[in-house]
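An overview of the molecular structure
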Amino acid sequence: MAQELPIVKPDATGAKPQQSAAREDLLRPLPRITARGLIVAAVVFIVYWWGVQGTNARPSELIEGIPNIVNFLVRLVPPNFDMQPVARLPFTINLPFTINLGIVAPAEESQIDVEQIARQLEAIQADPSNASLDLALGDGLSEAQEDLPFFSWQPSQVTHLYLPGVVPYVIETIQIAIIGTTLSILLSIPFGLLAARNISPHPVVYQATRLVMNAIRAVPELIFALVFVAAVGLGPFAGVLALAIGAIGFMAKLYAESIEQIDPQQVMALRATGASGLQVFCFSVIPQVLPLAAAYSLQLFEHNVRAATILGLVGAGGVGFILQKYMALFQYRELMGAVIILIIAVTIIDRISDRIRKRII
Amino acid sequence: MSLLDVRDLRLIYPNGHEALKRVSFKAEAGEIIALIGRSGAGKSTLLRCINGLERPTEGEVILDGQVITRMSERQLREVRRRIGFIWQEHNLVERLPVLTNVLTGRLGYKSGLDGLIGYFTRSEREVAVRSLERVNLLHRAKQRADRLSGGEKQRASIARALTQQPRIILADEPVASLDPELAVQVMSDLARVAREDGALALISIHQVELAKSFVDRVIGLAQGVVVFDGPTDQLNQDVMDRVYRFDKVLA
Ligand SMILES: Nc1ncnc2c1ncn2[C@@H]1O[C@H](COP(=O)(O)OP(=O)(O)OP(=O)(O)O)[C@@H](O)[C@H]1O
Ligand SMILES: [Mg+2]
């Protein structure tokens, strides 16, 4: 079959028609060097050079720092999950070995000795000048645990259900992300509608909305967190508010762009049936925008899980608080444990989010 | 009084292009009319003027005695709901099921919150289902519109128009993106339902031979002017030259 096709012979005359210049340009494997190209290259180079200067990003600095990095990495292992007892098991599991995951002694074995405290209080009353109270709360690691190797063939008993100490904080982080994201979406929708060129009621409204959005987008989430910590106090609610407000500028822009991308023909077709503006919006604009808007919203959620991690650093709730605590106390192994749990949690969330995304698109 | 009376319609687009120059014709209920003309002759423009999507610069469109060219957008809604419009690219809302798309033909009759949240009464659904049956598409009712084949999409859009219970059906090149076989099917469906309902159908179409077997009357448009208006059997080579080769005829 192939032989039957006419074979196109290259033009042997060597004469080049004038108009083939544009075509030739398309065939050029490397782009032509132009003045504009040189200027762009120069600008890019200057920007990067300037960036490297400003951030002190030099290979020599990095090489000199390698021993410090190694030292830090060594101190991260083995991870310590800071296991906290959450419930007594109805049975005891006997293991022929011991894995030291940083198990904290169950609370009941370190309960406050009421009698002893009463005795101390009496002593203080008798002699107030020497007031010191030992509550003997028995917090933290049982001393022996620290010295145990990560793994040994020593038999051990598990009497309680344990969870890594970071888990409640991870859960709080996810809660902050869920509520913050939802609020953010609800707040962004009206902005998105007003900022979409094709459905905004008036060009002035459109411009004004874009201005507000840009202003919000310019403020980092951490600043919002600080503001809301000041407003509603330390805790996860400040984090929720920071996420809710912080993402409006960004999300509203994405929503507006999704709305601007809809097929105007599908809108026109409904208008032609005599449908009102609002009806056209519900039956043509929303169905067209929904998949994209939903995908963006899920993306925001994934982003917010990470953002909520950072918010804890300024006291706005979440796992950031405990990460900071471990770092401040040089508990690098506990830090590693917490980071591992966090990575697992974030991976699971991303997977779920991906599933949902596939469903709706 | 005619159902549709188009009088001296003239339309100049904002860019100065005069798409329609003095277009006049009358049409009665039950007529099936083909609108032919070369690309750019003004067929789409004319159809859009008839349901008020486009405002003419001069002249009038009178529907059942009402001058729609002077109506407010609000009044136009009531006129439009009795005018089915079928587009070349069907323009269904791709992500919605076929039935919902067809039901949107009822929106013009609804004004409350129910119309916004997609609540349609039993009798409204009855109209939609009946329309789907008439174009043999009921088995696709629950499918998303973007899953339909080209011919099915066009039949769904006929069903949407039928659900409006229209007195006039305007179709802008309804078969242009279909293969010849489907084109015949869709044209025959369209002509049949229009005839059954006694609606006036105005169908712009490029396949003159195809049109001939389904329509009673042909209006030929060239450069925004009606150059032929008569029964299908008067279409001869001379007329075709006037409609499609006016530039050569003049030269
Ligand atoms: N919105 C617009 N602004 C400016 N000019 C327009 C606009 N819409 C159409 N035109 C011009 O008006 C003339 C008539 O257009 P129209 O779409 O009515 O032609 P048509 O007969 O439907 O052609 P086709 O067969 O290609 O659909 C064309 O020359 C077109 O370029
Ligand atoms: Mg057209």
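Some remarks on the nonpolar core
All names here are of chain B. Counting residues in each nonpolar core, the largest one holds 69 residues, and the members touching the most others are Ile36, Ile158, Ile169, Val175, Met187, Ile205 and Leu235. Tallying contributions element by element places helix H7 (residues 180-197) first for this core, with seven residues. With residues near it in sequence (within four places) discarded, isoleucine 169 still touches Gly84, Ile86, Leu162, Leu190, Ala194, Ala199, Leu200, Ala201 and Leu202. Judged by nonpolar contacts, the second largest core, of 35 residues, contains Leu11, Leu63, Met71 and Leu221.

Examining the interface of chain B and chain A
At the junction of the two partners, chain B supplies 28 residues and chain A supplies 20 residues. Taken over both partners, the interface formed by chain B and chain A buries close to 2000 Å², and the fraction arising from carbon and sulfur atoms is 63%. Between chain B and chain A we count one salt bridge in total. Ionic pairing is found between A:Arg271 and B:Glu73, a salt bridge with its closest N-O pair at 2.6 Å.

Some points on the confidence of the model for chain B
Residues and elements named next belong to chain B. On average, residues of chain B carry a pLDDT of 91, and 98% of them reach 70 or more. Here helix H10 (residues 246-250) stands out as the least confident element of chain B, with mean pLDDT 64; strand E8 (residues 200-204) is the most confident, with 96. Model confidence for the complex is summarised by a pTM of 0.73, with the ipTM given as 0.84.

Focus on H7(B)
All names here are of chain B. If you check H7, its first and last C-alpha atoms are 26 Å apart, about what 18 residues at 1.5 Å a residue would give, namely 26 Å. Capping the start of H7 is the job of one residue whose side-chain oxygen sits 3.0 Å from the backbone nitrogen of glutamate 181: aspartate 179. Two residues or fewer after H7 comes glycine 198, characterised by a positive phi angle close to 65°.

A short note on helix H11 (residues 264-271) of chain A
Within H11(A), the full set of buried residues consists of A:Gln266, A:Val267, A:Ala269 and A:Leu270. One side of H11(A) carries all its buried residues, which in axial view fall inside an arc of 160°. Here the buried face of H11(A) lies against helix H12 (277-311) of chain A together with helix H6 (150-163) of chain B. Two or three places before A:Gln265, at the opening of H11(A), A:Asp263 has a side-chain oxygen 2.9 Å from that residue's backbone nitrogen.

As for the environment of A:Val158
Residue and element names in this part refer to chain A. Mapped onto the elements, valine 158 comes out in strand E4 (residues 156-164). For valine 158, a relative accessible area of 23% corresponds to the partly exposed category. Between the alpha carbons of valine 158 and glutamine 84 there is a distance of 12 Å; along the sequence they are 74 residues apart. If sequence neighbours within four positions are ignored, valine 158 has contacts with Leu89, Phe91, Thr92, Ile93 and Leu95.

What about the site of ligand 1?
Residues and elements named next belong to chain B. Near ligand 1 you find 14 residues, and of these Ser39, Gly40, Lys43, Ser44 and Thr45 are the closest. A distance of 2.8 Å is found between an oxygen atom of ligand 1 and a side-chain nitrogen or oxygen belonging to lysine 43. Separating an oxygen atom of ligand 1 from a side-chain N or O atom of glutamate 173 is a distance of 2.9 Å. Contact with the protein chains removes 66% of the 630 Å² of surface that ligand 1 exposes when unbound. With three residues, the top contributor of residues to the shell around ligand 1 is helix H1 (residues 43-50). Across the shell around ligand 1, the residue classes break down as three nonpolar, eight polar and three charged.

Overview of a nonpolar patch on the surface
Taken together, the side chains of A:Ile39, A:Val40, A:Val43, A:Val44, A:Phe45, A:Ile46, A:Val47, A:Tyr48, A:Trp49 and A:Trp50 present a nonpolar region at the surface, about 1100 Å² in accessible area. When its relative accessible area of 54% is taken as the criterion, A:Ile39 is described as exposed.

Cut-offs used in this document
Residues numbered from 1 in each chain as written. Chains lettered and ligands numbered in written order. Predicted model: local features only at pLDDT ≥ 70, side-chain atom pairs only at ≥ 80, totals over all residues. Heavy atoms only, no water. Core = buried A, V, L, I, M, F, W, Y, C linked by side-chain atoms within 4.5 Å. Buried < 20%, exposed > 50% of the residue type's maximum accessible area, 1.4 Å probe, protein only. Helix = DSSP H or I, 4+ residues; strand = E, 2+ residues; numbered from the N terminus. Contact = heavy atoms within 4.5 Å. Buried area = accessible area lost by both parts, 1.4 Å probe. Salt bridge = Lys/Arg side-chain N within 4 Å of Asp/Glu carboxyl O. pLDDT = per-residue confidence, 0-100. Expected span 1.5 Å × (residues − 1). Polar contact = N/O pair within 3.5 Å; in protein donor to acceptor, adjacent residues only side chain to side chain. Arc of directions from axis to C-beta. Near = heavy atom within 4 Å. Areas by Shrake-Rupley, 256 points an atom, 1.4 Å probe, with all protein chains shown as cover. Nonpolar A, V, L, I, M, F, W, Y, C, P; charged D, E, K, R; others polar. Patch = residues over 30% accessible without salt bridge, like charges linked within 9 Å, V, L, I, M, F, W, Y side chains within 5 Å.

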